[in-house]
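Close look at the chain arrangement
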Amino acid sequence: KQPMAAGTFDDEKKYANTGVYGDHSYSLLGAVEEGGKKYMLLRNPWGESEPGDDGKNDGYFKLEISKFMKLYDDVTILKV
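Residues numbered from 1 in each chain as written. Predicted model: local features only at pLDDT ≥ 70, side-chain atom pairs only at ≥ 80, totals over all residues. Heavy atoms only, no water.

1. Observations concerning the side chain of His-24
- Relative to the assigned elements, His-24 resides in the loop between strand 1 (4-8) and strand 2 (25-34).
- A distance of 2.9 Å separates polar atoms of two side chains, one belonging to His-24 and the other to Asn-44.
- Contact partners of His-24, with chain neighbours within four places excluded, come to Ala-6, Gly-7, Thr-8, Asn-44, Pro-45 and Trp-46. (Helix = DSSP H or I, 4+ residues; strand = E, 2+ residues; numbered from the N terminus. Polar contact = N/O pair within 3.5 Å; in protein donor to acceptor, adjacent residues only side chain to side chain. Contact = heavy atoms within 4.5 Å.)

2. Considerations on the sheet that holds strand 2
- Here we have 5 strands laid out as an open sheet, ordered 4-3-2-1-5, and antiparallel in their pairing. Edge positions in the sheet fall to strand 4 (60-64) and strand 5 (72-77), since each has one partner strand and no second. Neighbour-to-neighbour, the strand axes of this sheet turn through a mean angle of 40°, independent of strand direction. (Pairing = 2+ DSSP bridges. Axes fitted to C-alpha atoms, helices over the stretch in contact; angles between N-to-C directions.)

Pasting the structure below:
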């Protein structure tokens, strides 16, 4: 129940056609399990771009944990 952020690697080529930006921070909102798969819940703070096709273009998206582990460099948890 603490604010969290996830940062991506500084490598734009790694993110081609993924919908995720390199050298960028995302709000990490939590995790869910659906249909036996685990997903990280994220939000792009720019709020207008995300992977997936939910049609909302609001920055909110879920990413399968295996993809999250490949695309994200770090997770920061703010202790308040």
